[in-house]
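# Structural characterization, general
Listed below are the residues making up each chain.
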Amino acid sequence: MSTTDDRKTRSCVSCGINIAGTNAAAFKCPDCGAQIYRCAKCRKQSNLYECDDCGFTGP
Ligand SMILES: [Zn+2]
Ligand SMILES: [Zn+2]
């Protein structure tokens, strides 16, 4: 039961919730290829996402 693995925590880029264990969408930034995660709720609402690495925003 280690709690030191914070780097593996995945959060939705749109709303910031922890999406571990949910059926969130994972895809790569079309601009820089960084891994992006978005929760099912934001996907359903078609919220914009913003890449942490390059600032690319898209639907
Ligand atoms: Zn979200
Ligand atoms: Zn990017």
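The structure displayed is predicted, hence computed values, not measured ones.

### Side note on the overall build of the protein
Tallying secondary structure elements over the protein gives 1 helix and 4 strands in all. By residue count, 14% of the 59 residues in the protein fall in the buried class. Taking the contacts inside the protein whose residues are at least 6 apart along the sequence as the reference set, 34% of them involve residues at least 24 apart.

### Here we look at the pairing of strand E2 (residues 35–38)
Only one face of E2 is buried, namely the one carrying Ile36 and Arg38, since none of Gln35 and Tyr37 on the opposite face is buried. Bridge count for strand E1 (residues 25–28) against E2 is 4 bridges, and the pairing is antiparallel. Across the sheet, lysine 28 pairs through a bridge with glutamine 35, a residue of E2. Count of turn residues in the E1/E2 antiparallel hairpin: 6 residues, of which glycine 33 carries a positive phi of about 85 degrees.

### Here's the deal with the nonpolar core
Residues Cys12, Val13, Ile19, Ile36, Cys39, Cys42 and Tyr49 constitute the largest nonpolar core, which totals 7 residues. Residues contacting isoleucine 36, with those up to four places away along its chain left out, are Val13, Phe27, Lys28, Cys29, Tyr49 and Cys51.

### Topic: the environment of proline 59
You can see proline 59 is positioned in the segment after strand E4 (57–58). C-beta crowding within 10 Å serves as the criterion here: with 6 such atoms nearby, proline 59 is assigned to the exposed category. In the structure, proline 59 is positioned 11 residues away from leucine 48 in sequence and 4.9 Å away in space, judged by C-alpha atoms. Ignoring any residue separated from it by four or fewer positions in sequence, one finds proline 59 in contact with Ser46 and Leu48.

### Side note on unusual backbone geometry
If you check the backbone angles, serine 46 has positive phi at about 55 degrees while not being a glycine. Assignment of secondary structure puts serine 46 in the loop between helix H1 (40–44) and strand E3 (49–50). Taking the C-beta count within 10 Å as the criterion, serine 46 has 10 such neighbours and is therefore assigned exposed.

### Describing the environment of arginine 38
Looking at the secondary structure, you find arginine 38 in strand E2. By the C-beta count within 10 Å, which is 22 here, arginine 38 ends up buried. Between the alpha carbons of arginine 38 and glycine 16 there is a distance of 8.7 Å; along the sequence they are 22 residues apart. With sequence-adjacent residues up to four places away left out, arginine 38 is seen in contact with Cys12, Val13, Ser14, Ala24, Ala25, Arg43 and Tyr49.

Rules behind the numbers
Residues numbered from 1 in each chain as written. Chains lettered and ligands numbered in written order. Predicted model: local features only at pLDDT ≥ 70, side-chain atom pairs only at ≥ 80, totals over all residues. Helix = DSSP H or I, 4+ residues; strand = E, 2+ residues; numbered from the N terminus. Buried ≥ 20, exposed ≤ 12 C-beta atoms within 10 Å, placed from the backbone. Contact = placed C-beta atoms within 7 Å. Pairing = 2+ DSSP bridges. Core = buried A, V, L, I, M, F, W, Y, C linked by C-beta atoms within 7 Å.

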